[in-house]
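# A closer look at the structure
Now for the letters of each chain:
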Amino acid sequence: MSTTERPVPVWAYRLAHLVPFLTLPSGLWRLGLVFGSSMGLLDASGNPARLDTVGGKVYVVCLSIFSELVALTALGLVQRWGEVAPRWIPFIGGRRVHPYAAIVPAVLGALSLIAIWTYGFRDAYTDHFIPFSSTAWKVLMLTCYMPLNFWGPALLVLTWAYYRRRVSVPAVAV
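Residues numbered from 1 in each chain as written. Predicted model: local features only at pLDDT ≥ 70, side-chain atom pairs only at ≥ 80, totals over all residues. Heavy atoms only, no water.

Another aspect to go through is the nonpolar core. Among the nonpolar cores identified, the biggest contains 37 residues, and V19, W29, W117, M141, Y145, W151 and L158 are the most heavily contacted of them. Of all elements in the fold, only α1 (10–34), α3 (99–120), α4 (135–145) and α5 (148–166) reach the threshold of two or more residues within this core. Per-element accounting of this core gives the leading share, seven residues, to α5. Discounting residues that sit within four places of it in the chain, W151 has contacts with V19, L22, T23, S67, V70, A71, L113 and W117. (Core = buried A, V, L, I, M, F, W, Y, C linked by side-chain atoms within 4.5 Å. Buried < 20%, exposed > 50% of the residue type's maximum accessible area, 1.4 Å probe, protein only. Helix = DSSP H or I, 4+ residues; strand = E, 2+ residues; numbered from the N terminus. Contact = heavy atoms within 4.5 Å.)

Rendered as structure tokens:
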């Protein structure tokens with residue numbers, strides 16, 4: 001394991017490794033749709049909703065994989081490759097990563113995630129949410145998607161720790 005320029009706080013290291021697990025339950029829930037279950041979802045006429053097209057199934061699988069890959073980028077805020085680009089990357093390999101090249105996208109991503117999941121859950125606990133065949137199915141879906149509400153704030157906290165480590169200068173004792 002390569003080390004970072006300045007030590008990463010243990011809490012930040014652990015949080016960064018937790019972030020991909022925040023997206024995993026929703027991805028697994030979506031895979032239930034791919035494998036033929038309605039997951040309790042009802043269509044407009046009250047029948048079990050199905051994901052019937054190959055294109056729809058490919059989209060859902062790709063969405064789940066993409067979400068995990070994006071969540072894994074949080075590790076860059078606590079790993080050496082978030083400070084020096086890996087040598088195998090064309091043009092920038094081996095070069096130092098400017099801190100703001102990581103900070104700006106991470107902050108924008110975190111704020112976007114907060115907005116997306118705040119909006120997505122706006123009706124979750126009302127009768128205006130997605131129709132389900134039973135309360136149990138709704139609870140399962142909400143349980144699987146609820147961790148996504150912590151993704152944005154976790155990324156903001158990790159970005160703050162990255163900023164403190166890479167940009168802010170420690171106070172000099174007199």
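After that view of the structure, there is still more to cover.
One pass over the structure, following the stated rule, counts four salt bridges. We note a salt bridge from R96 to E5, for which the minimum N-O separation is 2.6 Å. Highlighted residues: R96 in the loop between α2 (54–72) and α3 and E5 in the segment before α1, separated in sequence by 91 residues. For R96, a relative accessible area of 49% puts it in the partly exposed group. What emerges from the salt-bridge pattern is a single network uniting R80, E83 and R165. (Salt bridge = Lys/Arg side-chain N within 4 Å of Asp/Glu carboxyl O.)

Across residues other than glycine, the phi torsion is negative in most instances, and most of the peptide bonds are trans. For M39, which is not glycine, the phi torsion reads 55° and is therefore positive. With respect to the helices, strands and loops of the structure, M39 is situated in the loop between α1 and α2. Notably, F91 is not glycine yet its phi reads approximately 70°, a positive angle. Taking relative accessible area as the criterion, F91 reaches 79% and is therefore assigned exposed.

What follows concerns α3. Side chains three or four residues apart in an α-helix point the same way, a direct result of the helix having 3.6 residues per turn. With 22 residues, α3 extends 31 Å from end C-alpha to end C-alpha; this agrees with the ideal 32 Å at 1.5 Å per step. When α3 is considered as a whole, its buried residues turn out to be P99, A102, I103, A106, A110, L113 and W117. Projection of α3 onto a plane perpendicular to its axis shows the buried side chains occupying an angular sector of 100°, all on one side. Exposed and facing more than 90 degrees away from the buried side of α3 are A101, L108 and Y119. Contact partners of the buried residues in α3: α4 and α5. (Expected span 1.5 Å × (residues − 1). Arc of directions from axis to C-beta.)

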